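Each chain, written out:
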Amino acid sequence: ELKILCVDDEPFVLEVLTDLLRVYGVRDIDVSLNGVEALAKVKAENYDVILSDVAMPKMDGFELMKNIRALDINQPAIVLISGHSNPSISKTIQVGANAFLGKPIDSNILLSILRGLTGKILVVEDSETIRYMTTRSLSRFGYDVFGAIDGKEALQLLDGDPPDVVVLD
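Residues numbered from 1 in each chain as written. Predicted model: local features only at pLDDT ≥ 70, side-chain atom pairs only at ≥ 80, totals over all residues. Heavy atoms only, no water.

Before going further, it helps to spend a moment on the pattern of salt bridges. This structure, assessed with the given rule, holds 6 salt bridges. A salt bridge links Glu 37 to Lys 41, with the nearest nitrogen and oxygen atoms 3.8 Å apart. Remark: Lys 41 and Glu 37 occur in helix H2 (residues 35-44); sequence separation between them is 4 residues, near one turn of the helix. On the accessibility criterion, Glu 37 (30% relative accessible area) is partly exposed. (Salt bridge = Lys/Arg side-chain N within 4 Å of Asp/Glu carboxyl O. Helix = DSSP H or I, 4+ residues; strand = E, 2+ residues; numbered from the N terminus. Buried < 20%, exposed > 50% of the residue type's maximum accessible area, 1.4 Å probe, protein only.)

Okay, structure coming up:
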C-alpha cells in the first residue's frame, strides 16, 4: 500500500489528485497546501511518493524538493508543472525530482510514472561495471533494483516476481 503526499496550493487540484489516486487503489493520501507545510510533514512522516506542484507561494515545488533532498530523504518525487511554466528537464533533475508531469494531469501517464517509481527495476547488462553503476544510481533514488548478466538470466528472474520496469543493454 502506497503512502503519498500531494502538495498544491489549489484545493481543487488536491481534490482531483486524491480522487484520481483513489481510483487506482491508493488509500493512504496526505495533502499540503504549500511547501512549508509539506516539508514539515515529510520530516514527520515516511511517504512512498511525493507529488508537488511547482508554482506555489511561500515555498515553490523546486525549493521544496531541494529542501527534502538536503535532509537526505530519497523517496521518489514528481513535480507537477502548469502549462504556462516551462522549466527544463535539467532543473527538475537538479532539485532531485524523479519525474515531472504537466497539468492538466494525464491519469495514464501519472499511473505509469507511479508504477515506474515505486516498482522493481531489472537492469540487464553484460558489463559488470555498467550494471553495478546503473543499479547503484537507481537504488540511490529509492528504487528496488536488481540486475541480470544476460537475457537468459533475466528470463529466469522474470519467472518468479516480475519487475515493473526492465532496462536493457
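To continue, consider the sheet that holds strand E1 (residues 3-7). Taken in spatial order, the 5 strands line up as E2-E1-E3-E4-E5 in an open sheet, and their pairing is parallel. Two strands bound the open sheet, and with one partner strand each, they are strand E2 (28-32) and strand E5 (99-102). Each strand of the sheet is rotated relative to its neighbour by a mean of 20°, with strand direction disregarded. The pairing of strand E3 (residues 49-53) with strand E4 (residues 77-81) spans 4 bridges and is parallel. Considered in E4, the bridge of Ile 50 is made with Ala 77. Lying on the sheet, helix H1 (residues 11-23) is in contact with E1, E2, E3 and E4; it crosses E2 at an angle near 170°. Those strands touched by helix H3 (residues 61-70) are E1, E3 and E4, and its axis lies near 150° from that of E3. (Pairing = 2+ DSSP bridges. Axes fitted to C-alpha atoms, helices over the stretch in contact; angles between N-to-C directions. Contact = heavy atoms within 4.5 Å.)

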